[in-house]
Amino acid sequence: MICISCIESNAQSFGVKGGLSLMNMMMKDNIENYKDLLKVKPGFHLGATIDIPLYRELLSLEPGIFLNMKGYTWKEDGTDDGYDWKYTEKVGTYYIDVPINVKGVYGGEKIKGFGTLGPFIGVGLSGKCKTTYEVIVSDINSTSTETEKIEWGKDEDEDCFRRLDFGIALGAGVIYHNFTLGISYDLGLKNISSYTDEELKYKTRILKISAGYLFGTK
């Protein structure tokens, strides 16, 4: 009975979760920080985790695999030679991310709180960039829109982003029976820009709101 109870208390559990991603980018060069032009772009994330106990039910290792959207919205406007213009750029990319979090759990039997912290590594799969340019002359609008496929690589003339991304993520939430609700923040540390003149840097930023379900728990 003692051995059985030890095995049960240290059993691994599996989880699935997904939800809303509020995506943005840190973008700057050696001349300017472009944070005032960057806006949040909504997206989603979806994936699975495995919970490997490290110390009783209080501390565990939680690796996972996720399909994550990353991107941003750029908005700019101005006036030139008597006409007004507006420029909007919306970038949405899909990544496979592998986070490896340390997870701490605290609280009662039915409702528990948790916190997570750990690194992630990701690989870019695909994406699109949609640009809209609007010109306003004497209250007459002229709008042109173009959509391009994201090209991946290191070529500054042909490619948009490098595929590899990595960073650190932290999060917190609650567990009710087998259901989870959480919030987390992915802080990209890798410069994913293919264009490096003027020390241009793109780093991913994502705020996630997630709901999930745990299998294999008591």
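In case you missed it, the structure is sitting above this.
For clarity, every value in this text was computed on a predicted model and none was experimentally measured.

Digging into the overall build of the protein
Now for step 1: In terms of helices and strands, the protein carries one helix and 10 strands.
Now for step 2: Its helices and strands taken in sequence order, the protein reads α-β-β-β-β-β-β-β-β-β-β from the N to the C terminus.
Now for step 3: Scaling as 2.2 N^0.38, a compact globule of 218 residues should have a C-alpha radius of gyration of about 17 Å, whereas the protein reaches 22 Å, well beyond that.
Now for step 4: Its C-alpha atoms put the protein at 85 × 35 × 25 Å along the principal axes.
Now for step 5: Expressed as a percentage of the 218 residues in the protein, the buried residues total 39%.
Now for step 6: For the protein, contacts bridging at least 24 residues in sequence account for 64% of all contacts bridging at least 6.
Now for step 7: Total accessible area on the protein is roughly 12,800 Å²; 59% of this is exposed by carbon and sulfur atoms.
Now for step 8: One finds the centroid of the 25 positive side-chain charges in the protein at a distance of 11 Å from the centroid of its 30 negative side-chain charges.

Remarks on the pattern of salt bridges
Now for step 1: Scanning all chains against the criterion turns up six salt bridges.
Now for step 2: Residue aspartate 165 is joined to lysine 70 by a salt bridge in which the shortest nitrogen-to-oxygen separation is 2.6 Å. Taken together, the positions of aspartate 165 in strand S8 (residues 164-176) and lysine 70 in strand S4 (residues 59-80) put the pair 95 residues apart, joining distant regions of the chain.
Now for step 3: For lysine 208, the salt bridge identified is with aspartate 186, shortest N-O distance 2.8 Å.

Some details on the nonpolar core
Now for step 1: With 15 residues, the main nonpolar core has Met27, Tyr72, Phe161 and Tyr202 as its most contacted residues.
Now for step 2: Once residues within four sequence positions are removed from consideration, phenylalanine 161 is found in contact with Tyr72, Val91, Thr93, Ile150, Glu151, Trp152, Gly153, Ile192, Ser194 and Tyr202.

Here we look at the environment of glycine 171
Now for step 1: Of note, glycine 171 is situated in strand S8.
Now for step 2: With a relative accessible area of 17%, glycine 171 lands in the buried category.
Now for step 3: Sequence separation between glycine 171 and serine 184 is 13 residues, and the spatial gap between their C-alpha atoms is 3.8 Å.
Now for step 4: For glycine 171, the contacting residues outside a window of four places in its chain are Phe114, Gly115, Thr116, Ile183 and Ser184.

Observations concerning the side chain of lysine 41
Now for step 1: Along the chain, lysine 41 turns up in strand S3 (residues 41-55).
Now for step 2: Buried and without a salt bridge, lysine 41 has glutamate 89 as its closest oppositely charged side chain, separated by 11 Å.
Now for step 3: The residues touching lysine 41, leaving out its near neighbours within four places in the chain, are Ser21, Leu22, Met23, Tyr72, Thr73, Lys90, Val91 and Gly92.

Some thoughts on a nonpolar patch on the surface
Now for step 1: A surface patch of nonpolar side chains, about 980 Å² in accessible area, is lined by Ile65, Val98, Ile100, Leu117, Ile121, Val123, Leu164, Phe166, Ile168, Leu170, Tyr185 and Leu189.
Now for step 2: Where the nonpolar patch is concerned, the elements lending two or more residues are strand S5 (83-107), strand S6 (111-137) and S8.
Now for step 3: For the nonpolar patch, the element with the highest residue contribution is S8, accounting for four residues.
Now for step 4: Classification of isoleucine 121 as partly exposed rests on a relative accessible area of 44%.

With respect to the pairing of strand S7 (residues 140-149)
Now for step 1: With 10 bridges connecting them, S6 and S7 associate as antiparallel partners. Residue pairing in the sheet places valine 137 in a bridge with isoleucine 140 of S7.
Now for step 2: In this structure, the hairpin formed by S6 and S7 is closed by a connection of two residues, where serine 138 is found at a positive phi of approximately 50°.

A short note on the pairing of strand S10 (residues 201-215)
Now for step 1: In this structure, strand S1 (residues 13-28) lies alongside S10, joined through 15 bridges in antiparallel fashion. Pairing of leucine 22 across the sheet is with leucine 207, part of S10.
Now for step 2: As paired elements, strand S9 (residues 179-188) and S10 share nine bridges and run antiparallel to each other. Bridging across to S10, threonine 180 finds its partner in glycine 212.

Concerning the environment of lysine 17
Now for step 1: Here lysine 17 shows up in strand S1.
Now for step 2: We classify lysine 17 as partly exposed; its relative accessible area is 30%.
Now for step 3: The spatial distance from the C-alpha of lysine 17 to the C-alpha of leucine 214 is 8.8 Å, given a sequence separation of 197 residues.
Now for step 4: With near-sequence residues (within four places) excluded, lysine 17 lies in contact with His45, Leu46, Gly47, Thr49, Phe66, Ser210, Ala211 and Gly212.

Calculation rules
Residues numbered from 1 in each chain as written. Predicted model: local features only at pLDDT ≥ 70, side-chain atom pairs only at ≥ 80, totals over all residues. Heavy atoms only, no water. Helix = DSSP H or I, 4+ residues; strand = E, 2+ residues; numbered from the N terminus. Rg over C-alpha atoms; globule rule 2.2 N^0.38 Å. Buried < 20%, exposed > 50% of the residue type's maximum accessible area, 1.4 Å probe, protein only. Contact = heavy atoms within 4.5 Å. Areas by Shrake-Rupley, 256 points an atom, 1.4 Å probe, with all protein chains shown as cover. Lys, Arg positive; Asp, Glu negative; His and termini not counted. Charge placed at Lys NZ, Arg CZ, Asp CG, Glu CD. Salt bridge = Lys/Arg side-chain N within 4 Å of Asp/Glu carboxyl O. Core = buried A, V, L, I, M, F, W, Y, C linked by side-chain atoms within 4.5 Å. Patch = residues over 30% accessible without salt bridge, like charges linked within 9 Å, V, L, I, M, F, W, Y side chains within 5 Å. Pairing = 2+ DSSP bridges.

Purely geometric stuff here, so don't read any function into it on its own.
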